[in-house]
Amino acid sequence: MDINAVKLVYFSPTHTTQRVLEGIAQGVGCQMVSSLDLTPPHGPNQMVEVDGNTLTILGAPVYSGRLPAVAVQRLQRVSGSDSPAVIVVVYGNRAYEDALLELKDMAMARGFIPIAGAAFIGEHSYSTPAMPIAPGRPDAADIAKAVAFGQQVRARLMQMSIADPPPLSVPGNFPYKERRPALETPPTPTTIADLCTLCGLCADVCPTAAIAVDEAVITNARACIQCCACTRICPTAARVMEDPRILRTAAWLYENHSARKEPETFIA
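Residues numbered from 1 in each chain as written. Predicted model: local features only at pLDDT ≥ 70, side-chain atom pairs only at ≥ 80, totals over all residues. Heavy atoms only, no water.

Draft legend 1. View of the overall build of the protein chain. Along the backbone of the protein chain there are seven helices and 12 strands. Taken against the 2.2 N^0.38 rule, which gives 18 Å for 268 residues, the C-alpha radius of gyration of the protein chain at 19 Å falls within 12% of a compact globule. For the protein chain, the spread of C-alpha atoms along the principal axes amounts to about 60 × 40 × 35 Å. Per-residue burial over the protein chain gives 51% buried out of 268 residues. Considering only intrachain contacts with a sequence separation of at least 6, the fraction spanning at least 24 residues in the protein chain is 83%. When the accessible area of the protein chain is evaluated, it comes to approximately 12500 Å², of which 53% is carbon and sulfur surface. (Helix = DSSP H or I, 4+ residues; strand = E, 2+ residues; numbered from the N terminus. Rg over C-alpha atoms; globule rule 2.2 N^0.38 Å. Buried < 20%, exposed > 50% of the residue type's maximum accessible area, 1.4 Å probe, protein only. Contact = heavy atoms within 4.5 Å. Areas by Shrake-Rupley, 256 points an atom, 1.4 Å probe, with all protein chains shown as cover.)

Draft legend 2. Molecular detail of the side chain of Arg-74. When you line up the elements, Arg-74 lands in helix H2 (residues 69–75). With no salt bridge to any partner, buried Arg-74 finds its closest opposite charge in Asp-37, at an N-O distance of 7.3 Å. Of note is the side chain of Arg-74, whose polar atom sits 3.4 Å from the backbone oxygen of Pro-40. Every residue in contact with Arg-74, bar those within four places of it in the chain, is listed here: Phe-11, Leu-38, Thr-39, Pro-40, Pro-41, Pro-207 and Thr-208. (Lys, Arg positive; Asp, Glu negative; His and termini not counted. Salt bridge = Lys/Arg side-chain N within 4 Å of Asp/Glu carboxyl O. Polar contact = N/O pair within 3.5 Å; in protein donor to acceptor, adjacent residues only side chain to side chain.)

Draft legend 3. Broad picture of the pairing of strand E7 (residues 112–121). Along E7, 10 of the 10 residues are buried, which leaves the element largely enclosed by surrounding structure. Remark: the strand E6 (residues 83–91)/helix H3 (residues 99–109)/E7 crossover connection has right-handed handedness. (Right-handed = clockwise from strand over helix to strand, strands pointing away.)

Draft legend 4. Highlighting the pattern of salt bridges. Scanning the model with the defined rule gives 10 salt bridges in all. Across the salt bridge formed by Arg-260 and Asp-142, the nearest N and O atoms sit 3.7 Å from each other. Of this pair, Arg-260 sits in the loop between helix H7 (244–256) and strand E12 (264–267) while Asp-142 sits in helix H4 (residues 140–159); the two residues are 118 residues apart in sequence, bridging distant segments of the chain. Taking the relative accessible area as the measure of exposure, Asp-142 reaches 0% and is therefore buried. Taking relative accessible area as the criterion, Arg-260 reaches 42% and is therefore assigned partly exposed. A single network of salt bridges, built from pairs that share partners, joins Arg-137, Asp-139, Asp-142, Lys-145, Arg-260 and Glu-262.

Draft legend 5. Layout of the packing of helix H1 (residues 16–28) against H4. Packing of H1 against H4 leaves a shortest axis separation of 6 Å and a crossing angle of 45 degrees. Classified by the angle their axes make, H1 and H4 are oblique. Regarding H1 and H4, the two cross each other, and that crossing is right-handed. Residues Arg-19, Val-20, Gly-23, Ile-24, Gln-26, Gly-27 and Val-28 of H1 lie in contact with H4, whose contacting residues are Ile-143, Ala-146, Val-147, Phe-149, Gly-150, Gln-151 and Arg-154. For the contact of H1 with H4, the class distribution of residues is seven nonpolar, five polar and two charged. (Axes fitted to C-alpha atoms, helices over the stretch in contact; angles between N-to-C directions. Parallel < 35°, antiparallel > 145°, perpendicular 65-115°, else oblique. Left-handed = near helix turned anticlockwise from the far one by under 90°. Nonpolar A, V, L, I, M, F, W, Y, C, P; charged D, E, K, R; others polar.)

Draft legend 6. Structural view of the side chain of Ser-79. Structurally, Ser-79 is set in strand E5 (residues 78–80). The exposure class of Ser-79 is buried, given its relative accessible area of 15%. Those residues in contact with Ser-79 that lie beyond four places of it in its chain are Val-48, Glu-49, Val-50, Arg-110 and Phe-112.

Here it is in structure tokens:
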């Protein structure tokens, strides 16, 4: 099968998923590459349909073994026309559980034909210098593996007919793992007023518009998804995650899931 273009479609608050997808696209080696970033809260609401001669690379992070609900909602904006797709999830070094299967099922329901899939590792949202969890990932070795995977995808595409594609098998269980129930008082990052310059960068990067900046920084706890993009972008380290519940989880992850894991790839 010949591919005329590659389209990257991703939800990526801290850019880890985006970087992995860009590496895969580099390996595929197509000159025409475009991106649809579903992360901004006020992105385009119109439906986007991808034609059958375009390879779509769909990517999202993993939250507790599932796709983030907001990513699921935004991926509904995209559909294929029996278009080949590569599905990619990025997790924080613990486990991706049912997320890759969930993305495969969603892609198929949206008119895509998944021909390859992968689970890569990205620095965990709760990672800190004191308790690093997959720090700096995806690193150079990860990106090299993403490029190599893209090359494998391109070679496989040259061999197959999209009219009769072989089935793609990926790990996961159905029914999917249950999502955690919403807490009455969800944890959110907080702002150290003495360090804050009210620059507004935290609000700019928030994927759910949960942050408002005026005379102070206000966070809508119900809208926050604990992606910690705001803590990563803050130039004065004023934005921090200090909720004891998150700190306990971070400590557990650091103690039990610090050993390096490697990407897993699957090709039909």
